[in-house]
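# Examination of the molecular architecture
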Amino acid sequence: MTVLDRRRFLELCAAAALAPAAHASPRLRVVVAGAGIIGASVAWHLAKAGAQVTVIDREGPATHASRGSFAWINATWSKQPRAYHALNQAGVAGWKRLQPELKLPVRWGGSLEGNADATLAAELALRVAEQRDWGETTRLVERAELATLEPNVDFSALPRVVYSAHDGATDPVAATRVFLAASIALGARVDYPCELTGVALAAGRLRAVRTSRGDIPADRLVVATGAAADAGRRFADWDVPQRDEPGATAITTPMPRLIERVLWLPGVHLHQRDDGRIVLGAESGPPPGEAHALRLQAHPNDFPEREIALQHAERMRAAAQRFVPGLTALEFENVRVCWRPMPLDGYPVLGASPARPDVYLAVMHSGVTLAPVVGALAAQEILGDMVMDVLKDFRPARQFRASTGH
Ligand SMILES: Cc1cc2nc3c(=O)[nH]c(=O)nc-3n(C[C@H](O)[C@H](O)[C@H](O)COP(=O)(O)OP(=O)(O)OC[C@H]3O[C@@H](n4cnc5c(N)ncnc54)[C@H](O)[C@@H]3O)c2cc1C
């Protein structure tokens, strides 16, 4: 991947976000398929720039990955290499830029990543230094300061704790709804349940989008269908190789404040929203066993029974309680299993389909962090009929190499 100058990258992203509506061809008709956080942000940026936008979803807003996301907004050291890190930095900056305008529900305060693995000590020190070179304020924190940053957390088993002060976390369902409501206020339509089933072309150009509720005349289609792995092939005539992965999160009822920041701890991660709800996520994949493997084959979007969901939640609670002793009996409002939309190499897929120039693909993990910058850049490319250099490493036509990270 290309080494990018951070300041230039952030300038380009900010310029894209602030570009005037004059860039939009007069009332370009754009259908956005997928009302997760990516589709919602793309829709808002398009509507703001003057496009005639229709968002469709086969189920409803934030019903898939954006519902079960841990929703940490970050550009921490594991976001490698530099170009991907810079895109995530632009994502964090985008949340900070849009929060006052849209009243997005984000709690800032940074993150603390605790590490007990002595073999990683040298690498961690290098990564922290690299983060600083890349414009972050990341640093290793001493025990005395930890007691001030998180008085209710016991870090004694974790010799190295990295503090990344720029991070935050959101409520991804509420944030998706905010983007959609703001789109509607700008004249967009949001229809669901309404499934994208095909496209109608004339001389290779898009004429209409076919849906379960009839055709919608359209000049452009944005495919933001998340972990629907066949969507590229079906609608863009372009295969996006995906290795979508399951993940579970559990959300408690509102509680008195216990945690100030995002905590990334061995085996478990958690944060507490402004409304007092604690969100827990499991770092490891599904438990071993044939029964689990069989259940997952069908890509379920929910646990089969409340009891099984609560077993997962209890496992996360117990893992977290090793570090946060106050996490005793918890009442869970929601326990979700969701599929992370994950292109094969772990990086976002963004851009017009090489086979269908009017169909724009937007499929990615870390979609919560990236939503604002992706919305701004995608809208700019679609309406300005332009190709932005900052996205050149994330195009659908790249060579996909299998990887396990990001
Ligand atoms: C457990 C978990 C933890 C995560 N943690 C983080 C994190 O901490 N930070 C972070 O930045 N990211 C995180 N992610 C990733 C992030 O949540 C996703 O990248 C993001 O939510 C993707 O949003 P999306 O809009 O692309 O997809 P989705 O939210 O899945 O939305 C896609 C929508 O498309 C609709 N759809 C599918 N097919 C069709 C069709 N044919 N017609 C119409 N509609 C269709 C679906 O109904 C769905 O609503 C996490 C994900 C998971 C699952």
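Now for a description of the structure that goes with this document. (Residues numbered from 1 in each chain as written. Predicted model: local features only at pLDDT ≥ 70, side-chain atom pairs only at ≥ 80, totals over all residues. Heavy atoms only, no water.)

### Details of the packing of helix 4 (residues 82-102) against helix 7 (residues 172-185)
Across the interface, helix 4 lies against helix 7 with an axial gap of 12 Å and an inter-helix angle of 60°. The angle between helix 4 and helix 7 places the two elements in the oblique class. Every pair of crossing elements has a handedness; the one defined by helix 4 and helix 7 is left-handed. Facing helix 4, whose interface residues are Trp95, Leu98 and Leu102, helix 7 presents Ala175, Val178, Phe179 and Ala182. (Axes fitted to C-alpha atoms, helices over the stretch in contact; angles between N-to-C directions. Helix = DSSP H or I, 4+ residues; strand = E, 2+ residues; numbered from the N terminus. Parallel < 35°, antiparallel > 145°, perpendicular 65-115°, else oblique. Left-handed = near helix turned anticlockwise from the far one by under 90°. Contact = heavy atoms within 4.5 Å.)

### Quick look at the site of the ligand
The environment of the ligand is formed by 34 residues, the closest being Asp57, Ser66, Leu196, Met364 and Gly367. Contact distances for the ligand include 3.0 Å between a nitrogen atom and a backbone N or O atom of Arg58. Between the ligand and Thr369, the relevant distance is 2.8 Å, taken from an oxygen atom to a main-chain nitrogen or oxygen of the residue. Contact with the protein chains hides 97% of the accessible area of the ligand, taken as 1,000 Å² for the molecule alone. (Near = heavy atom within 4 Å. Polar contact = N/O pair within 3.5 Å; in protein donor to acceptor, adjacent residues only side chain to side chain. Areas by Shrake-Rupley, 256 points an atom, 1.4 Å probe, with all protein chains shown as cover.)

### Notes on the packing of aromatic side chains
Counted according to the given criterion, the structure contains 6 aromatic pairs. Members of the aromatic cluster, each reached through a chain of ring pairs, are Trp44, Trp95 and Phe179. In this structure, Lys96 packs its charged tip against the face of Trp108, placed 4.4 Å from the ring centre. (Phe/Tyr/Trp six-rings, centres within 6.5 Å; stacked < 30°, edge-to-face > 60°. Lys NZ or Arg CZ within 6 Å of the ring centre and 35° of its normal.)

### Observations regarding the pairing of strand 17 (residues 278-282)
Most of strand 17 sits out of view: 4 of its 5 residues are buried. Here strand 14 (residues 245-252) runs beside strand 17; their pairing, made up of 3 bridges, is antiparallel. For Ile251, the partnering residue across the bridge sits in strand 17 and is Val279. With 5 bridges joining them, strand 16 (residues 268-272) and strand 17 adopt antiparallel strand pairing. What sits directly across from Leu270, in strand 17, is Leu280. Between strand 16 and strand 17, which pair antiparallel and follow one another directly, the connecting turn spans 5 residues, one of which, Gly276, has a positive phi of 90°. (Buried < 20%, exposed > 50% of the residue type's maximum accessible area, 1.4 Å probe, protein only. Pairing = 2+ DSSP bridges.)

### Considering the packing of helix 2 (residues 37-48) against helix 4
The N-to-C vectors of helix 2 and helix 4 enclose an angle of 70°; their axes lie 14 Å apart at closest approach. For the element pair helix 2 / helix 4, the angle class is roughly perpendicular. The chirality of how helix 2 crosses helix 4 is left-handed. Facing Ile37, Trp44, His45 and Lys48 of helix 2, the residues of helix 4 in contact are Trp95, Leu98, Glu101 and Leu102.

### Describing the sheet that holds strand 5 (residues 111-115)
Pairing is mixed in the open sheet, where 8 strands are placed in the order 6-7-5-15-16-17-14-18. Of all strands in the sheet, those bounded by a partner on one side alone are strand 6 (139-140) and strand 18 (332-340). Bridge count for strand 5 against strand 15 (residues 262-265) is 3 bridges, and the pairing is parallel. Residue Ser111 lies in a different strand from strand 15, and its bridge partner there is Val262. Lying over the sheet, helix 10 (residues 306-321) contacts strand 14, strand 16, strand 17 and strand 18, oriented at roughly 95° with respect to strand 18.

### As for the side chain of Asp191
Examined against the element boundaries, Asp191 turns out to sit in strand 9 (residues 189-191). There is a polar contact of 2.5 Å between the side chain of Asp191 and the side chain of Arg189. Apart from residues lying up to four places away in sequence, Asp191 is in contact with Thr54, Val55, Ile56, Asp57 and Arg213.

### Quick notes on the sheet that holds strand 4 (residues 106-108)
A sheet is described by the order of its strands in space; here 3 strands give the open sequence 3-8-4, paired in antiparallel fashion. What marks the edges here is a single partner per strand, and that holds for strand 3 (72-73) and strand 4. Sheet analysis places strand 4 next to strand 8 (residues 168-170), joined by 3 bridges and oriented antiparallel. Looking at strand 8, one finds that Arg107 is bridged to Ala169.

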